[in-house]
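# Residue-level structure breakdown
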There are 2 protein chains.
Amino acid sequence: MSHDQTEIKNLFEPRSVAVIGASHNSAKIGYKVLENIVRGGFGGKVYPINPKGGEILGVSVKKGWDEIEGSVDVACTCVPSKFAFEAVKAAADHGTKFNLVITSGFSEVGNIEEEKRLTAYATDHGMRILGPNIFGMYSAAASVDATFGPGGIKAGSVAIITQSGALGLAMIGKTAVENIGISALVSVGNKADIDEADLLSYLVDDPNTRSILMYIEGVRDGHHLVEVLTEVTPKKPVVVIKSGRSARGAMAAASHTGSLAGSDAVFDAIMRQCGVLRAESIEEAFNLCKFLSDTSVPRGENTVIVTNGGGIGVLATDACEKYNVKLFDDHEQLHEVFSKATPDFGSTKNPIDLTGGATSADYWEALKAARDHERIDSVLALYCETAVFDADNLKAMIRENSEQFKQAGKPLLFSVFGGAMSEEAVGSLTKERVPVFGDVYETVACLGGLYSYYRHLKDRSETVDEAEIDVAAIEEVIQGARADRRGFLLAHEGQRLMDAAGIALPASTVARTIDEAVAFAEKAGYPVVLKIVSRDILHKSDAGGVALDLENRDEVVDAYQAIMRSCRERVPDARITGIEVSEMVRAGVELIVGARRDASFGPIVMFGLGGIYVEVMKDVTFRAVPLNRAEAIEMMKEIRAYPLLLGVRGEERKDIPCVVDTIIRLATIIRKCEGISDIEVNPLVVYEQGQGARAVDVRVMLSSAEGGRSHA
Amino acid sequence: MSHDQTEIKNLFEPRSVAVIGASHNSAKIGYKVLENIVRGGFGGKVYPINPKGGEILGVSVKKGWDEIEGSVDVACTCVPSKFAFEAVKAAADHGTKFNLVITSGFSEVGNIEEEKRLTAYATDHGMRILGPNIFGMYSAAASVDATFGPGGIKAGSVAIITQSGALGLAMIGKTAVENIGISALVSVGNKADIDEADLLSYLVDDPNTRSILMYIEGVRDGHHLVEVLTEVTPKKPVVVIKSGRSARGAMAAASHTGSLAGSDAVFDAIMRQCGVLRAESIEEAFNLCKFLSDTSVPRGENTVIVTNGGGIGVLATDACEKYNVKLFDDHEQLHEVFSKATPDFGSTKNPIDLTGGATSADYWEALKAARDHERIDSVLALYCETAVFDADNLKAMIRENSEQFKQAGKPLLFSVFGGAMSEEAVGSLTKERVPVFGDVYETVACLGGLYSYYRHLKDRSETVDEAEIDVAAIEEVIQGARADRRGFLLAHEGQRLMDAAGIALPASTVARTIDEAVAFAEKAGYPVVLKIVSRDILHKSDAGGVALDLENRDEVVDAYQAIMRSCRERVPDARITGIEVSEMVRAGVELIVGARRDASFGPIVMFGLGGIYVEVMKDVTFRAVPLNRAEAIEMMKEIRAYPLLLGVRGEERKDIPCVVDTIIRLATIIRKCEGISDIEVNPLVVYEQGQGARAVDVRVMLSSAEGGRSHA
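Treat the numbers as computed from the prediction; the structure is a model and nothing was measured.

Let's shift gears to helix H20 (residues 553-570) of chain B. Residues and elements named next belong to chain B. The terminal C-alpha atoms of H20 lie 26 Å apart, and with 18 residues this matches the ideal 26 Å at 1.5 Å per residue to within 8%. Elements in contact with the buried residues of H20: strand E20 (508-511), helix H19 (514-524), strand E21 (528-533), strand E22 (546-550) and strand E23 (578-583). Among the residues of H20, the N-terminal cap falls to Asn 552, whose side-chain oxygen and the backbone nitrogen of Asp 554 are separated by 3.3 Å.

Here it is, written out as structure tokens:
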């Protein structure tokens, strides 16, 4: 456990809480927070602070910090913004460890300076700030509800971190209705100091927390967030809702909290890299958190659908494809397992169709068979209300099977569709935390989320792959460009950089004789391109100084002579250095590979389909750096054009290892060379397996500051 | 009203109903159907038929058809499948107009012959069959519930047509719970005779029906369905759930009903063409139907979001982009309208943020301002539960504003998120048919559906565009290939077909002299390609018979002579017809355009990005034929690569009218030339505006039957 984690424990498990601006007026936030702390059953010391003194809710009020003995773990600042700095200062001076600055009126309304001043003072005096502009926080570990919410939070296993106050407050009621117990609920507001990563470093080891839900509008220190998430997700699932995913939504988020939403494509890909599940809507996020909190990870990917309606079985099958849930399809085995439970006119193919005549006994039989079979790992049970089914047994059948599957460590999800009786069953069983849903897609989305998490646990690796690159040589190139007061590299500097990084550009040399030209062409392989090299010839083609697509020795000899003759004729005084002979880049699949420092996430790599399609198809993906080869391969699989690399229409498989290598090399450059802010190889032309790839063009931008931004 | 429609009226508004196989045993379907008819309040004559006679549910039972005077409008066949043919025969012989064959055990279990026999007999005797393998049907127009469902269907404005029995039966309960009134509920089962199109031809003019929901697994006569839908959607919205959209789902559908799911991409695009809204889940479909049934189409696309939470406002903004709901963004105007209702630290930019301090009075004020403003066309009102809000007024505020907006002809949708009070408000208001939802995405999806329908109404056109093509010449080409016993066209036949259709291939001629070659090249434009034409020279390149990329007169002259010399030297006895001179196809954007006879929908056209990307990116779309230019342009806008045609990265706009023209020409061919089953131009290379396009390669397949399939 790091120092940070030890420290943050005091926030979630305070021994003492002070309310600065505690109020006698029950309409005020300063009253409400105190009321929730007192009524919520907090066992530690509570210090309401108000110069007026007296007593509120039976607790004696301190007139100032001097009346409090010893330091306080958590203070809640509830005073108006104009008094906030003084309140924060006094708390810090008294040695308070954490300050929940509930007060609003800071950066979210443009008052950035005051927020900085307040935070700086706190930081300098060893006090950490949550907020400002928050509704407070709740922690089940200490039974402390230091929020101005409606109270009555039920302790449980889902931790919630929210950047939106209104949503967070409304979640208190919503979770109560849905019987979702909360281990912690933290409003992060403007994130002037404490952010999601800090909070996660506690939640990762909090025994109360079984799943984590985050509502995020903007990420500031994404690099740190990625580091922490990488530690959290192997231990417990994290679900994130990130609003501002659309262009217009990002604008709205900016005007709402002043936070920069950043590129949604980058956020999305990096969350996937971290094994975080992304939910679009709050409903989806709640469903996932609840389900993941209650369900153990399955042993394998063989899912079986059991249904009494063919139509709904087909819908579920569609949904399984959408949410990447794999259906068990060993038909022989399926027949063996399910033939007893299935009438002749039903189906033992997956979906298992018990037909509209099925009773609870038929479900029992089919589900038991699925539960007992070692090759079946999870089950979707669908029920369309029928007159034949013994409805009185519906709830018991669902409840008991769910319990038995839980004990067997196999996920079982029910989807129930029908009238009042079905609705009631869904409603009441949901409140018992039995995984039962009304809509088939909703059901399968939950299982899909679980399998996505399962795959992350299975495939993740802590390996970091780096390439050997000549950092010193690259730094030299950068220094050269800086000396020239440029923020970018010129073509030959880009070439030197690529050489130093071990990325293959088209081979080339400057030949001074025909023999040299021929020797190089023979070595590099035909076809080659010849170009005059002379500082006096700007327009090479006009001077007859270029010859393309030379396919053999004779053509090189002829072209060499023709170029020399033509250039001497047309630019008689030209000083000719020689003739550049370059490997001609054959056609192949054009890709784009890049690396840059993202405003939210720091160093990242990018990969996609190159050429004109980058812009139009936006078929690109991202990863945070550092990464390993397996992650680079995952990136490649994510783009729609991936089949082009596997070979389609009789074409051969492309040199995927070489592309992976290029991604790792660029990742290494952006990680080790802080002077570089952006490097893009476009196109990277990749050939058949074993034949490598060529970086045809490279564009390099330098960081504006001398040493670049640090992401240590 | 067509003959079909007059006739189908008897199905929905029967004056008499017979139940064949009416049973005294209340556990039997033959009892249940009779019970629903009797208890459902049907006002016409009811004839239970059972050889045993007697009385069931107070209705006297007929021992046979001879006891029934006059013909019957609707008979329900409830006997076991082995007696079904005889039952159907007897009904038909008695002049019965419609027979709902509830009995199962036909094509859905492979018993295709019996289904055909039964249907053929009925058809020959003027009786139409619904089913077999159905649960019956309900029609509010005649208060007739001829199903074996649970009864108690509530009359209302949503018509449902379902191919799944279990789902349809469960919908009876589900609609009751959700207070969705039904105008008709029809189970189509195996669709041996009556299909969706037949039923729609009644529903289009049924005054009870305000929206139509269809659950479809497979389409048989899609061409007819498209014709009917094209008439229906301008009058009332149609929502369709099509299962089997995934590959695996399609397999499941095939094994379930024996119906072929067909290509989902084709179905999806053609439904869009018809103005049908496609829902993925049943929940989404119900939401849409209910909402569209209750809401009038807005006057324009300016939507405003009013919220008391910034975070939920951002989520709604994201959802608006996803569901293509356009946010009003005249900030000056917005400020004018909403500044009074919005506190200073709120926002009058869209979303209008009333802030967490908002009360019902603030909502009233903001909503009234939106309602009164002529440029605001629809409103999304979001509410996060807060302690400040006067919760007692929540329901009245929502209900009354909804009513007033309804009267103003402006859609207003609420999204309410919070605890028990909010849940209760959503639940009870939903039952009152007030458009209020719990989830933001669900809310916006409904408004998005309405706007999708709005745009269809606004943009649709009944125009059919056809090209002038030389059908006789094309038929001649087809006859030639048939005489040769081929099912496809050879290259030169394809060229003749394209000439006859007026689609530009690269210009070419066979020159017999140098002068002819030069004259053609001068006319067609350089560069050109020369190729030897000789039946004795198979490998033209080997014989030196090919010259590419000839850029001027001199090069053509040299190449002509060189080819002749080389061919005469290398194949001395060759009979040389001449040299083919062809325009060389310049690089441009490669597209694919095709037309074919689809198994479900008959003649359709296809358009997409060409080259290797067709397979990998699957960036193609479809339309049913006939179509008009506007629809062809819509097709082009649908593909992801569309920006390539508009010009990206400084490139010029491409010749879109020429591509539209090619689509229309292929549509005309497939419509008029029944001998052709499939025609594909790949690639169609399109150039800058005004510079046309070239069909580089064309592949034509012929229909297997002599005259092709008829889709008159």
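Before going further, it helps to examine the packing of helix H17 (residues 471-483) of chain B against helix H18 (residues 491-501) of chain B. Packed helix pairs are characterised by how far apart their axes lie and by the angle those axes make with each other. Residue and element names in this part refer to chain B. Close contact between H17 and H18 brings their axes to 8 Å; oriented N to C, the two are set at 165°. Between H17 and H18, the interaxial angle falls into the category roughly antiparallel. For the element pair H17 and H18, the recorded crossing hand is left-handed. Across the interface between the two elements, Ala 473, Ile 474, Glu 476, Val 477, Gly 480 and Ala 481 from H17 touch Glu 493, Arg 496, Leu 497, Ala 500 and Ala 501 from H18. A breakdown of the residues in the contact of H17 with H18 according to their chemical character gives seven nonpolar, one polar and three charged.

What follows concerns the domain arrangement of chain A. When the domains of chain A are assigned, the result is domain 1 (3-292), domain 2 (295-459), domain 3 (463-502 + 586-712) and domain 4 (507-583). For domain 2 of chain A versus domain 3 of chain A, the separation of C-alpha centres amounts to 45 Å.

A few words now on the UniProt feature "domain: ATP-grasp" (unreviewed entry) in chain A. As recorded in UniProt, the sites labelled "domain: ATP-grasp" (unreviewed entry) are residues 495-531 of chain A. Helix makes up 49% of residues 495-531 of chain A and strand 22%, and the two end C-alpha atoms of the span are 17 Å apart.

What follows covers the sheet that holds strand E15 (residues 303-307) of chain B. Residues and elements named next belong to chain B. The sheet built from five strands is open, its strands ordered E16-E15-E17-E18-E19 with parallel pairing. The open sheet has two free edges, formed respectively by strand E16 (352-353) and strand E19 (436-437), since each of these has just one partner strand. As paired strands, E15 and strand E17 (residues 378-384) are joined by five bridges and run parallel to one another. Across the sheet, residue Thr 307 finds its bridge partner in E17, namely Leu 382. Those strands touched by helix H14 (residues 394-408) are E17 and strand E18 (412-417), and its axis lies near 165° from that of E18.

Residues and elements named next belong to chain A. Taken together, the side chains of Asp 549, Glu 551, Asp 554, Glu 555 and Asp 558 make up a negatively charged region of the molecular surface. Structurally, Asp 549 can be placed in strand E22 (residues 546-550). Relative accessible area serves as the criterion here: at 35%, Asp 549 is assigned to the partly exposed category.

On to the relation of the copies chain A and chain B. At an RMSD of 0.2 Å, chain A and chain B line up after a rotation of 180° and a shift of 0.1 Å along the axis. Expressed as an axis order, the relation between the two copies is that of a two-fold axis. If distances are taken from each C-alpha of chain A to the rotation axis, the shortest is found for Met 617 of chain A, at 4.7 Å. Taken together, the interface assignments show that 100% of the residues at the interface of chain A recur at the interface of chain B, consistent with an identical surface on both copies.

Looking now at the sheet that holds strand E17 (residues 378-384) of chain A. All names here are of chain A. Spatial ordering of the open sheet is given by E16-E15-E17-E18-E19, a layout of five strands whose pairing is parallel. Every interior strand has two partners, whereas the edge strands, strand E16 (352-353) and strand E19 (436-437), have only one. Of the strands in this sheet, E17, strand E18 (412-417) and E19 are in contact with helix H14 (residues 394-408), which crosses E18 at around 165°.

Let us now look at unusual backbone geometry. Residue and element names in this part refer to chain B. Cis rather than trans, the peptide bond between Asn 350 and Pro 351 has omega equal to 5°. Residue Pro 626 is bonded to the preceding Val 625 through a cis peptide linkage, with omega at 5°. Here Pro 626 is to be found in the loop between strand E26 (620-624) and helix H22 (629-638).

Contacts between chain A and chain B engage 71 residues on the former and 71 residues on the latter. Carbon and sulfur atoms supply 65% of the area buried between chain A and chain B, which totals about 6000 Å² over both sides. Here chain A and chain B share six salt bridges between them. Its salt-bridge partner being Asp 329 of chain B, residue Arg 248 of chain A comes within 3.4 Å of it at the nearest N-O pair. The interface formed by chain A and chain B contains 22 residue pairs in polar contact (both at pLDDT 80 or more). The element best represented in the side of chain A that touches chain B is helix H11 (residues 310-322) of chain A, accounting for nine residues.

All names here are of chain B. Within the sequence span of H18, burial applies to Glu 493, Gly 494, Leu 497, Met 498, Ala 500 and Ala 501. One face of H18 carries all of its buried residues, which in axial projection span an arc of 160°. Structural note: H18 exposes Ala 491 and Asp 499 on the side pointing more than 90 degrees away from its buried face. Where H18 is buried, its residues touch H17, helix H24 (656-672), strand E27 (676-686), strand E28 (693-695) and strand E29 (698-702). Positioned one or two residues after H18, Gly 502 has a phi angle of 75°, which is positive.

Residues and elements named next belong to chain A. Contact geometry of helix H6 (residues 196-203) with helix H7 (residues 222-232) gives a least axis separation of 9 Å together with a crossing angle of 20°. Taken together, H6 and H7 sit at an angle that is classed as roughly parallel. The hand of the H6/H7 crossing is left-handed. For the pair H6 and H7, contact is made by Glu 196, Ala 197, Asp 198, Leu 200 and Ser 201 and by His 224, Leu 225, Val 228, Leu 229 and Val 232, respectively. When its residues are assigned to classes, the contact of H6 with H7 shows six nonpolar, two polar and two charged.

Rules behind the numbers
- Residues numbered from 1 in each chain as written.
- Chains lettered and ligands numbered in written order.
- Predicted model: local features only at pLDDT ≥ 70, side-chain atom pairs only at ≥ 80, totals over all residues.
- Heavy atoms only, no water.
- Helix = DSSP H or I, 4+ residues; strand = E, 2+ residues; numbered from the N terminus.
- Expected span 1.5 Å × (residues − 1).
- Contact = heavy atoms within 4.5 Å.
- Polar contact = N/O pair within 3.5 Å; in protein donor to acceptor, adjacent residues only side chain to side chain.
- Axes fitted to C-alpha atoms, helices over the stretch in contact; angles between N-to-C directions.
- Parallel < 35°, antiparallel > 145°, perpendicular 65-115°, else oblique.
- Left-handed = near helix turned anticlockwise from the far one by under 90°.
- Nonpolar A, V, L, I, M, F, W, Y, C, P; charged D, E, K, R; others polar.
- Domains from an automatic or database assignment.
- UniProt positions renumbered as here; feature names shortened; annotations may be inferred.
- Pairing = 2+ DSSP bridges.
- Patch = residues over 30% accessible without salt bridge, like charges linked within 9 Å, V, L, I, M, F, W, Y side chains within 5 Å.
- Areas by Shrake-Rupley, 256 points an atom, 1.4 Å probe, with all protein chains shown as cover.
- Salt bridge = Lys/Arg side-chain N within 4 Å of Asp/Glu carboxyl O.
- Lys, Arg positive; Asp, Glu negative; His and termini not counted.
- Charge placed at Lys NZ, Arg CZ, Asp CG, Glu CD.
- Buried < 20%, exposed > 50% of the residue type's maximum accessible area, 1.4 Å probe, protein only.
- Least-squares fit on C-alpha atoms with pLDDT ≥ 70 in both.
- Buried area = accessible area lost by both parts, 1.4 Å probe.
- Arc of directions from axis to C-beta.

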